[in-house]
Amino acid sequence: MFRRKRIQLIKRLLELRVRKEHEIRRKGEVAAMEDDSVETCGGGAGGSAAGGGAYYPLSDEGLLRNSVLKRLKDNQLEMLLEAVESGGGGVSTCVLIPKDAIPEPHALGCRFWRWPDVRTCAELRRMPACSSATDPIYMCCNPYHWSRLCQPGKWLFCFY
């Protein structure tokens, strides 16, 4: 019974990635039709190298599933699902994972559910609401506890 609930939570989390991919494509198509000169870093016409469409390598999904989601407890999976489903609209709690479990678990989560073109954790900064900043053992992998840095000259506008 418990295993079935866990599998359902993981399936729902992975399905949210597919929905997010369709939203990014739709936004990219609308932005491309409106104005090709304005670039955004939140997933618009210039948000990814693929012309607005988000492509997630299978290795990212496998790495996320095998390294991050397997290590989370059921209540942590529920908290992560709640945060991803709300799109950061509500107050969400930290989803903590040991720092030595996988390198850059927060960057992987942000790449998977928010910004497909994030490459490293150097492009991310922790939001002030995240309480795991001083924790030496755990890292928060809630993608809505992180913001993206905009590089001067690369993007004109940043929407989060």
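A brief look at the structure comes next.

What counts and how
Residues numbered from 1 in each chain as written. Predicted model: local features only at pLDDT ≥ 70, side-chain atom pairs only at ≥ 80, totals over all residues. Heavy atoms only, no water. Helix = DSSP H or I, 4+ residues; strand = E, 2+ residues; numbered from the N terminus. Contact = heavy atoms within 4.5 Å. Areas by Shrake-Rupley, 256 points an atom, 1.4 Å probe, with all protein chains shown as cover. Buried < 20%, exposed > 50% of the residue type's maximum accessible area, 1.4 Å probe, protein only. Polar contact = N/O pair within 3.5 Å; in protein donor to acceptor, adjacent residues only side chain to side chain. Core = buried A, V, L, I, M, F, W, Y, C linked by side-chain atoms within 4.5 Å. Expected span 1.5 Å × (residues − 1). Arc of directions from axis to C-beta.

Here we come to the overall build of the chain. Broken down by element type, the chain carries four helices and four strands. Element order for the chain, N to C, with α for helix and β for strand: α-α-α-β-α-β-β-β. Within the chain, residue pairs in contact and separated by at least 24 positions form 71% of the contacts whose partners lie at least 6 positions apart. Just so you have it, the chain exposes about 9,200 Å², and 55% of that area is on carbon and sulfur atoms.

Secondary-structure assignment places C110 in helix α4 (residues 105-113). Exposure remark for C110: the relative accessible area of 0% places this residue in the buried category. Spatially, the C-alpha atom of C110 lies 7.9 Å from that of Y144, the residues being 34 residues apart in sequence. Those residues in contact with C110, other than ones at most four positions away along the chain, are W115, L124, P143 and W146.

With that settled, the discussion passes to the side chain of R114. Relative to the assigned elements, R114 resides in the loop between α4 and β2 (124-126). Within the local environment of R114, its side chain forms a polar contact with the backbone oxygen of W146, the two atoms lying 3.0 Å apart.

Of all hydrophobic cores here, the largest spans 22 residues; its most connected members are L13, L64, V68, L69, L80 and W113. Of all the secondary-structure elements, those providing two or more residues to this core are α1 (2-34), α2 (58-69), α3 (74-86) and α4. Among the elements that line this core, the one with the most residues is α1, at five residues. Counting residues in each nonpolar core, the second largest holds seven residues, with C110, V118, L124 and M139 among its members.

It is worth spelling out the side chain of Q76 at this point. As for its placement among the helices and strands, Q76 is situated in helix α3. A relative accessible area of 15% places Q76 in the buried class. Separated by 2.9 Å, the side chain of Q76 and the backbone nitrogen of K73 make a polar contact. The contacts of Q76, once residues within four sequence positions are left out, are R71, V95 and L96.

Turning to α4, a few remarks are in order. Most of α4 is tucked away, with nine of its nine residues classed as buried. Within α4 the residues assigned to the buried category are P105, H106, A107, L108, G109, C110, R111, F112 and W113.

Residue placement: L69 occurs in helix α2. A C-alpha to C-alpha distance of 9.5 Å links L69 and L13, two positions 56 residues apart in sequence. Those residues in contact with L69, other than ones at most four positions away along the chain, are R6, I10, L13, L14, L64, L77, L80 and W113.

Here we come to α3. A rise of 1.5 Å per residue sets the reference length of α3, with its 13 residues, at 18 Å; its end C-alpha atoms lie 18 Å apart and thus fit the reference within 8%. Among all positions in α3, only Q76, L77, L80, L81, A83 and V84 are buried. Summarising the axial view, the buried residues of α3 lie within an arc of 165°, below the 170-degree limit, and thus occupy one face. Within two residues after α3, G87 carries a phi angle of roughly 65°, on the positive side.

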